[in-house]
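Spelled out, the chains give:
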Number of protein chains: 2
Amino acid sequence: MEAQTNQNYQSPIVTIDVVLLTLSDNGLQVALHQRKQSPYEHQLALPGGYIHTNEDESAEKAAFRVLNQKTGLIPRYLEQLKTYANTSRDPRGWSVSISHVALIPMSALKQAEKEVFQFFDVDNLPTMAFDHQLQIQDAVERVRNKSSYSTLPCWLLPELFTLTQLQQTYEKIFGESVSRGTFRSRLGIKVGDAIPGESADEAEILIATDQFKGGNQRPARLFKVNHLKLFKRACWS
Amino acid sequence: MEAQTNQNYQSPIVTIDVVLLTLSDNGLQVALHQRKQSPYEHQLALPGGYIHTNEDESAEKAAFRVLNQKTGLIPRYLEQLKTYANTSRDPRGWSVSISHVALIPMSALKQAEKEVFQFFDVDNLPTMAFDHQLQIQDAVERVRNKSSYSTLPCWLLPELFTLTQLQQTYEKIFGESVSRGTFRSRLGIKVGDAIPGESADEAEILIATDQFKGGNQRPARLFKVNHLKLFKRACWS
DNA sequence: TAAATAGTGTCTATTAGACACTATTAA
DNA sequence: TTAATAGTGTCTAATAGACACTATTTA
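Residues numbered from 1 in each chain as written. Chains lettered and ligands numbered in written order. Predicted model: local features only at pLDDT ≥ 70, side-chain atom pairs only at ≥ 80, totals over all residues. Heavy atoms only, no water.

Attention shifts here to the interface of chain A and chain B. Contacts between chain A and chain B engage 50 residues on the former and 50 residues on the latter. Summing both sides of the interface, chain A and chain B together bury roughly 4100 Å²; the carbon and sulfur share of this comes to 54%. Taken together, chain A and chain B are joined by 0 salt bridges. For the pair chain A and chain B, the number of links is 9 residue pairs in polar contact (both at pLDDT 80 or more). Elements that contribute at least two residues to the side of chain A that touches chain B include exactly strand E1 (13–24), strand E4 (48–50), helix H1 (59–71), strand E5 (77–86) and strand E6 (95–103) of chain A. The biggest single contributor to the side of chain A that touches chain B is E5 of chain A, with 5 residues. The residue inventory of the side of chain A that touches chain B, partitioned by class, reads 19 nonpolar, 20 polar and 11 charged. (Contact = heavy atoms within 4.5 Å. Buried area = accessible area lost by both parts, 1.4 Å probe. Salt bridge = Lys/Arg side-chain N within 4 Å of Asp/Glu carboxyl O. Polar contact = N/O pair within 3.5 Å; in protein donor to acceptor, adjacent residues only side chain to side chain. Helix = DSSP H or I, 4+ residues; strand = E, 2+ residues; numbered from the N terminus. Nonpolar A, V, L, I, M, F, W, Y, C, P; charged D, E, K, R; others polar.)

And the structure:
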C-alpha cells in the first residue's frame, strides 16, 4: 500500500463469480443461468453477485452464499480460482470479479437446482456474458491440472464411493483409460491394510470404510476421501 | 451477477500487492519496505497500492506500475497469485488485495532498488503489516510448486545463463542437489542438437545460443528460456 | 455354475539417476 | 601438464503399466 489515498480514484465494482462444475457421462459440465437484468440481459452467465460487506466474512463465504441463496445448493468443494480485474470485462467500466471453482456430484443436484441452472459440456460452450467463457476455460484447466496429481476428483463423487467409480471419474475428466491395476497402484491403495473403523491415518490418501456397494456381483468396498492429497508425481496427461 | 445493485452495500477497498522474489546464495528472498503511513506505520510491508482506474488497464498492469514507479524496477516475471478478500485483513474494514508474484535476478537489481527495499530470507520472515506474511508464504509455495514441473526458475536468472547456473538455481530453490547428468536429462536438453541461430523450435524448453561464458576452464554454452514450459512430470521434491 | 465385477500378484519395458569418461579452456 | 568446469554415454535400480489370475457376489 502506498501514500496515495483511495479517494483520488474511482473505486472499481467488485463482484464474485462461481464456476460450478459437475460430471456427466460425457465429462465435465458447467452450471449456467439466464441473466435477468442489464448488462447482458437474457444471456447465459455464471452465478455471481456483489460482496455483501455487512454479512460476508470473506470472498469464499460470499461465493458460498451466492450459490446457496438461490437453491439451497451446498457444493462439496469450493476454492478461489483467479481474479479478473480490468477495464474491458464489464461494459460499465473498471470491474473486479473474484472467481471461484466449485464441485458437486451430479447425484447431489436437487430438482430446484436443475430448474435454476442449465448444464453445458465444458468443451462445447455457448456464448455468454462478460468474460465468463474465459473463466470457465481457466476453471477447467485448473481442475484438470490439479486432478492429474491430487485427489480432487473425489469431490465430484458422493461422500462414499467405490474405486471403480473413482477410476471412471478420472477417466471422464481426462478422456483416457488405464487398467484397474494401474489405477490402484497410482493411488497407492493398499486395501488389505485398511482397518475399517481404525482412526484415519493422515498419510492415507483414501479412507476405507467397512461398507460395501452391492449389485449382481462381488460387492465393492466404499471409500471416502481423507484430505486433498497431492501425489508425488503427476499420473495423468 | 444478480439483481442486487452495488449501492446497497459499502464497496470494499481494493488494492494490489506484489511479492517480489529474488534468489540469493541462501535461497529465495523477498523485497519489503517500510510503510510511511497508517495503518501499520513504520512497519515492514510488501510493495502495493490502489488501482488507478484512470490509467491501469488491469490488475497486472497496476502491479507492474507500482513496482516500476518507485525505482524503475522491471520484473522479469509477473503473475497474479491470489486475492485476499475478507473483513479482518485490514483494520479499516472489508478489504480486497489482488496479490501478485514477481521474479527478478539478484544481478538485475539496481542501486535505487537496493535503497528502497530490504531483502529477507523467505524461510525467516520478520513480522509485517496486514496479511503480508501469509501472502509471502503462499507466493513461495506457488513458486516452489511451479518450479518443480516447469522452467519458472529461468526468470530468476539473467536472460542468458549456463546450465550449471540453472541447476544451481533449482538446487537453491529446493535445497536439494542432483548430479549434472540427471539435471540435464530432466530438462531433456540435447545440446548436441542445438543449432544456434536456427529458428527456435516451439517444443524446445530452452534455446541454445551461440554465445559462451568464459572463465579459467572450458567455456559453457549460454541458453535462454523459450516459453514457460511445463514438464510432463514433476522432477523436484 | 455362469456372469459380472472386485481385488491382487507377476512380469516386462521404460525410465531415472549415479558415476565415470571425454572435452575444452586458462595458467 | 594441471586444474577446473562442461558435456555425454553407460549401467543399474526403481518404477509404471499390461495382463492374467483369484475372489465374491446374484441369478
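Residues and elements named next belong to chain A. Tracing the chain through its elements places leucine 44 in strand E3 (residues 44–45). By relative accessible area, leucine 44 is classed as buried at 14%. Setting aside chain neighbours within four positions, we find leucine 44 in contact with Leu32, His33, Gln34, Gln118, Phe120, Pro126, Thr127, Met128 and Ala129. (Buried < 20%, exposed > 50% of the residue type's maximum accessible area, 1.4 Å probe, protein only.)

Residues and elements named next belong to chain A. Looking at the assigned domains, one finds that chain A contains domain 1 (10–147) and domain 2 (152–225). A C-alpha centroid distance of 29 Å is found between domain 1 and domain 2. The partner domain 2 presents 13 residues to the 17 residues of domain 1 that form the contact. Taken together, the links from domain 1 to domain 2 amount to 1 salt bridge. Measuring nitrogen to oxygen at the nearest pair gives 3.9 Å for the salt bridge that ties aspartate 25 to lysine 172. (Domains from an automatic or database assignment.)

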